[in-house]
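Close look at the chain arrangement
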Amino acid sequence: MVQQVLPLALIRGEVVVKKPQDLFIPPDALEIILDTFEGPLDFLLYLIRKQKFDIMDLPIAAITEQYMVYVELMKDIKLELAAEYLVMAAILAEIKSRLLLPKLVVESDEDDPRAELVRRLQEYEVFKNAAEELDQLPRLERDTQLANVALADDFKQATAMADVDLSELLSALSDVMKRNAALEHHHIQKEVLSTRERMTFILQQLKQTSSEQPFVEFSKLFSVDEGRQGVVVTFLAMLELIKESLIECVQTQIYGQIQVGLKG
Amino acid sequence: MSELENTSKKMLTDAELKSLLEAAIFVAEKPLSIARMKEILLADYRLSTKRLSAILNQLKEDYNDRGIELVEVASGYRFQAQAVHNEQLIPLFKEKAPRFSRALLETLSLIAYKQPITRGEIEEIRGVAVSSYIIKTLQERGWVKVIGHKEVPGRPSLYGTNKEFLDYFSLTSLSQLPELMVVTELTNELELSNKLELSNESGLSIEPGPSKESKLVKIPETSVSE
Amino acid sequence: MSELENTSKKMLTDAELKSLLEAAIFVAEKPLSIARMKEILLADYRLSTKRLSAILNQLKEDYNDRGIELVEVASGYRFQAQAVHNEQLIPLFKEKAPRFSRALLETLSLIAYKQPITRGEIEEIRGVAVSSYIIKTLQERGWVKVIGHKEVPGRPSLYGTNKEFLDYFSLTSLSQLPELMVVTELTNELELSNKLELSNESGLSIEPGPSKESKLVKIPETSVSE
């Protein structure tokens, strides 16, 4: 579980610290400590696991003493010590001093001063462990290789059409209407638009005429099943088209059928 | 690697070799040449080029009736999709199209609403020139077409919308367009008033809502400051 | 999109469908999801998800004894080399697979297991600052993204994992991640011991806690919640 700290155990050198327990490190190895551990929690966990302490019954005095030794050493040789290590030193010192205080009054919510530290150590260990397991999972690049297959030589890529939402279209319409004063006194009504639509329809019908027979009979442009309203709309559309000089009406004989055709 | 050369090389059965070659050609980033197979992939194994070719031929046959095939190109062997699937695979590789511009949408809405209409008339209403690209895009999309020519000097094209336009927006008739516009405007106003009520009632400034609403909803300062 | 719904859809035989799916999964740049198959690849064809799944299973079986296999990961189906060939294929790749630092792996684990989580929360658990470089690397890899903001002062980003993270580790969902080490029991015991101690000292008679915990009954639960 703690294989990453093995190199430390190999280091033998002058004994720098007074009290034994375990693991004494020459100053030049201290730099390695900083690189090897992911911060003070990781380092504390190492000390605890290394000496088989019960994390739930943390011998705070012993741990604090060891921890301080390293911190002092690192300070001595002017290693740039991450602030977190100093914060942890302060926490340990505080816990130690609180434990030394005689318990006079027992309040109902009195805590063991170690509890918070133990909780943090446990929580960190869970994720330190999870990270190690994640590292073991088979993963792309290292363990899994994907199959690459080319497209056939004559494959041709196409560009997709953009999608438009009706609301976008409506807001564009509304914007342009607002901008244009001339349009503002047009009343937007169903009738007006159906007339416009019908104008297009009529023009399309007329476009389909052949050059020998360029005209369509007036009556054929009306559809009886549309009722009166349909007739009116078609008629209005024709008037509008005539006004805009887009179509023309001709009558070859008096009282004969009116013929409608494209102008020009 | 070098220490292996003097030791006796390992052996592979035909099945193992085929499986390995298959995997190797698939995962290699470039076509895999026979030379690379022998020198890099199979450096530890004893085998002849002849055997290698035979196995590659077997592999080729294995993929005869499948969706992909093993082909030999200039730099080696690779798998590629069967050409019969070209058409069907196009949708997978469509480049995502850019969103339509405001200019295009305005042009489209004017053609829909005021058809038949000339480009000049569109420009007059919008107050700016309409690029040919926009007209072309709308025609390619099948939404707009020339339905005639206006009998004025230059005989400009008259544009109108197609049935495809109505289909795309699930409209049954163009007359729905302005109606919808009115409804949308109403909805926007409603949303605005709802929001106002909310902020009045709470009286307090809570955390700001999702920012996407901000463009729709302008809350007067008075209601926020309390 | 909508225009397709009213037109009659085309049909494919099982063999055609299998061949097309095979080609598509192979050439797709990312794992191909069933949704993408149905909505993009096969939009023009009429077919059920059930039939699609059946064909995919057939395809999986076709590759059972081959050099590569069809697997399902979080974002869809993909073909990859059979694990037995992993070692043999290494020489083909010039670049070595990246190694990830413990700091990166711990940060990634915290995001994966405790998402949504802020950078501050990660730092609290790890006991050290998280470098911006790590967060950036995780985001660039597409494994991690900002999924929101915590409604506390400063509105810090909340991070979560993407499907690409699961894909990278060949997982289909977060539930497949290795189980976390169990510490909850210990916490319960702590609470128990807390009660025990309290009841003794307060002189009130509550039911006695189980005695087997006696060795642990040293540290009462803390009330600290920040």
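Residues numbered from 1 in each chain as written. Chains lettered and ligands numbered in written order. Predicted model: local features only at pLDDT ≥ 70, side-chain atom pairs only at ≥ 80, totals over all residues. Heavy atoms only, no water.

Describing the overall build of chain A
This is how it is decided: Numbering goes from the N terminus for both helices and strands, where a helix is a DSSP run of H or I of at least four residues and a strand is a run of E of at least two. Burial here depends on accessible area, computed with a 1.4 Å probe over protein chains only, as a share of the maximum for the residue type. Under 20% is buried, over 50% is exposed, and the range in between is partly exposed. In what follows, residue pairs with any heavy atoms lying within 4.5 Å of each other are defined as contacts. Only the protein chains shown count as covering a residue, and every accessible area follows the Shrake-Rupley method with a 1.4 Å probe.
Secondary structure summary: chain A contains 10 helices and 3 strands in total. Along the chain direction, N to C, the helices and strands of chain A fall in the order α-α-α-α-α-α-α-α-α-β-α-β-β. Within chain A, the fraction of its 264 residues that count as buried is 43%. For chain A, the proportion of contacts with a sequence separation of at least 24, taken over those separated by at least 6, is 58%. A total of about 14,600 Å² of accessible surface is found on chain A, and carbon and sulfur atoms cover 55% of it.

Structural notes on the interface of chain B and chain A
Put simply, the test is: Criterion for a salt bridge: a side-chain nitrogen of Lys or Arg within 4 Å of a carboxyl oxygen of Asp or Glu. Identification of polar contacts relies on pairs of N or O atoms within 3.5 Å, with a donor-acceptor requirement for protein atoms, meaning one able to donate a hydrogen and the other able to accept it, and with residues adjacent in sequence counted only if both atoms are side-chain atoms.
Between chain B and chain A, the contact holds 63 residues from the first and 54 residues from the second. Along the contact surface separating chain B from chain A lie 1 salt bridge. In this structure, the salt-bridge partner of Arg-78 of chain B is Asp-153 of chain A, at a minimum N-O distance of 2.9 Å. Linking chain B to chain A there are 12 residue pairs in polar contact (both at pLDDT 80 or more).

Comments concerning the layout of surface pockets
Gaps between atoms show up when a probe of the same size as a water molecule is rolled over them. The cut-off we apply is this: Lining residues are those with an atom within 4 Å of a point, where the points come from a 1 Å grid over the protein atoms alone and group into cavities, where a 1.4 Å probe fits but cannot get out, or pockets, open sets with protein on both sides within 12 Å along at least five of seven lines. Grid points are joined across faces, edges and corners, and a volume is the space filled by probe spheres set on the points. Note on residue categories: nonpolar means Ala, Val, Leu, Ile, Met, Phe, Trp, Tyr, Cys or Pro, charged means Asp, Glu, Lys or Arg, and polar means any other residue, Gly included.
In this model, the second largest pocket occupies a volume close to 790 Å³. Around the second largest pocket, the lining is made up of 23 residues, and of these Glu-141 and Gln-145 of chain A, Glu-29 of chain B together with Phe-93 and Glu-95 of chain C lie nearest the centre. Here the residues of the lining of the second largest pocket sort into 10 nonpolar, 3 polar and 10 charged.

Points about the side chain of Arg-126 of chain C
Looking at the element boundaries, Arg-126 of chain C is found in helix α7 (residues 119-126). Taking the relative accessible area as the measure of exposure, Arg-126 of chain C reaches 2% and is therefore buried. In this structure Arg-126 of chain C touches Glu-38, Leu-41 and Tyr-124 of chain A together with Ala-103, Glu-106, Thr-107 and Leu-110 of chain C, once residues within four positions along its chain are discounted.

Focus on the interface of chain B and chain C
Heads up, the rule is: A 1.4 Å probe defines the accessible area here, and the buried area is the portion of it lost by two parts on being joined, summed over both.
Contacts between chain B and chain C engage 33 residues on the former and 33 residues on the latter. Across the chain B to chain C interface the summed buried area is about 2,800 Å²; carbon plus sulfur atoms make up 62%. Looking at the side of chain B facing chain C, the largest losses of area belong to Arg-66, Gln-88 and Leu-92 of chain B, adding up to 22% of the total buried there. Remark: the boundary between chain B and chain C carries 4 salt bridges. One salt bridge in this structure joins Arg-66 of chain C and Glu-22 of chain B, with 2.6 Å as the shortest N-O distance. On the surface where chain B and chain C come into contact, there are 14 residue pairs in polar contact (both at pLDDT 80 or more). Examining the composition of the side of chain B that touches chain C, we find that 9 residues originate from one element, helix α2 (residues 14-27) of chain B, more than from any other.

Comments concerning the sheet that holds strand β4 (residues 144-149) of chain C
Residue and element names in this part refer to chain C. For clarity, the threshold we go by: At least two DSSP bridges between two strands are required for those strands to pair. Orientation is described by axes fitted as lines to C-alpha atoms, over the contacting stretch for helices, and by angles from 0 to 180 degrees between their N-to-C directions.
Pairing within the open sheet is antiparallel, and its 3 strands lie in the order β3-β5-β4. Strand pairing shows two members of the sheet lacking a second neighbour, β3 (117-118) and β4, which therefore form its edges. Bridging between β4 and strand β5 (residues 157-161) involves 5 bridges; their strand directions are antiparallel. Residue pairing in the sheet places Gly-148 in a bridge with Leu-158 of β5. Strand contacts of helix α8 (residues 132-140): β4 and β5, with the helix running at about 105° to β4, the strand carrying the most contacts.

As for the environment of Ser-19 of chain B
As for its position among the elements, Ser-19 of chain B is in helix α2. It is 9.7 Å that separates the C-alpha atoms of Ser-19 of chain B and Ile-55 of chain B, two residues lying 36 residues apart in sequence. If sequence neighbours within four positions are ignored, Ser-19 of chain B has contacts with Arg-66, Gly-67 and His-85 of chain C. A polar contact is formed between the side chain of Ser-19 of chain B and the side chain of His-85 of chain C, at a distance of 2.6 Å.

Brief notes about the packing of aromatic side chains
Stated precisely, the cut-off is as follows: A pair of aromatic rings is counted whenever rings of Phe, Tyr or Trp (Trp by its six-membered ring) have centres within 6.5 Å, and the orientation is called stacked for planes under 30 degrees apart, edge-to-face for over 60 and tilted otherwise.
A full pass over the atoms with the stated rule returns 26 aromatic pairs over all chains. Here the aromatic rings of Trp-143 of chain B and Phe-169 of chain B are separated by 5.5 Å at their centres, their planes lie at 50°, and the arrangement is tilted. With a gap of 26 residues between them, Trp-143 of chain B in the loop between α8 (132-140) and β4 (144-149) and Phe-169 of chain B in the loop between α9 (163-168) and α10 (176-202) connect regions that are remote in the sequence. An identical accessibility class is assigned to Trp-143 of chain B and Phe-169 of chain B; each is buried. Members of the aromatic cluster, connected to one another through ring pairs, are Phe-26, Tyr-63 and Phe-79 of chain B together with Phe-26, Tyr-63 and Phe-79 of chain C.

With respect to the environment of Ala-15 of chain B
Take Ala-15 of chain B: it is sitting in helix α2. When the C-alpha atoms of Ala-15 of chain B and Ile-55 of chain B are compared, they prove to be 8.9 Å apart, with 40 residues separating the residues in sequence.

Details of the sheet that holds strand β3 (residues 117-118) of chain B
Residue and element names in this part refer to chain B. Overall, antiparallel pairing links the 3 strands, which are arranged β3-β5-β4 in an open sheet. The open sheet is flanked by β3 and β4, the only strands paired with a single partner. Of the strand pairs in this sheet, β3 and strand β5 (residues 157-161) are connected by 2 bridges, and their pairing is antiparallel. The residue of β5 that forms the bridge with Ile-117 is Tyr-159. The strands that helix α6 (residues 102-114) touches are β3, β4 and β5; relative to β5, the one it contacts most, it runs at about 90°. Strands β4 and β5 of the sheet are contacted by α8, whose axis makes an angle of about 110° with β4.

Section: a nonpolar patch on the surface
Residue and element names in this part refer to chain A. Condition: For patch building, the residue pool is restricted to those with more than 30% relative accessible area and no salt bridge; the joining distance is 9 Å between like charges and 5 Å between nonpolar side chains (Val, Leu, Ile, Met, Phe, Trp, Tyr).
The grouping of Val-232, Phe-235, Leu-236, Leu-239 and Ile-242 at the surface amounts to a nonpolar patch, some 410 Å² of accessible area in total. You can see Val-232 is positioned in helix α10 (residues 227-243). Its relative accessible area of 43% is what places Val-232 among the partly exposed residues.

Regarding the side chain of Lys-150 of chain B
Mapped onto the fold, Lys-150 of chain B is located in the loop between β4 and β5. Side chain to side chain, Lys-150 of chain B and Glu-121 of chain B meet in a polar contact 2.5 Å long.

Details of the confidence of the model for chain B
Should the pLDDT be low somewhere, the predicted coordinates at that spot are not to be read in detail. Residue and element names in this part refer to chain B. For clarity, the cut-off: pLDDT runs from 0 to 100 and stands for how confident the predictor is about each residue.
Per-residue confidence for chain B gives a mean pLDDT of 78; residues scoring 70 or more make up 74%. Within the model, the stretch residues 195-226 combines pLDDT values under 50 with 19 contacts to residues more than four positions away or in other chains. Predicted complex metrics record ipTM = 0.64 and pTM = 0.63.

Looking at the nonpolar core
The criterion, for reference: Buried Ala, Val, Leu, Ile, Met, Phe, Trp, Tyr and Cys residues that are joined via side-chain atoms within 4.5 Å together make up what is termed a nonpolar core.
Counting 62 residues, the largest nonpolar core has Leu-21, Leu-42 and Leu-89 of chain B together with Leu-21, Leu-42 and Leu-89 of chain C as its most contacted members. Leave out the neighbours within four places in its chain, and Leu-89 of chain B touches Leu-151 and Phe-155 of chain A, Ala-81 of chain B together with Leu-20, Ala-23, Ala-24, Val-27 and Leu-41 of chain C.

Re the pairing of strand β1 (residues 68-73) of chain C
Residue and element names in this part refer to chain C. Direction of pairing for β1 relative to strand β2 (residues 76-81): antiparallel, over a ladder of 6 bridges. Paired with Val-71 across the bridge in β2 is Arg-78. Remark: 2 residues form the turn of the hairpin made by β1 and β2, two consecutive strands paired antiparallel.

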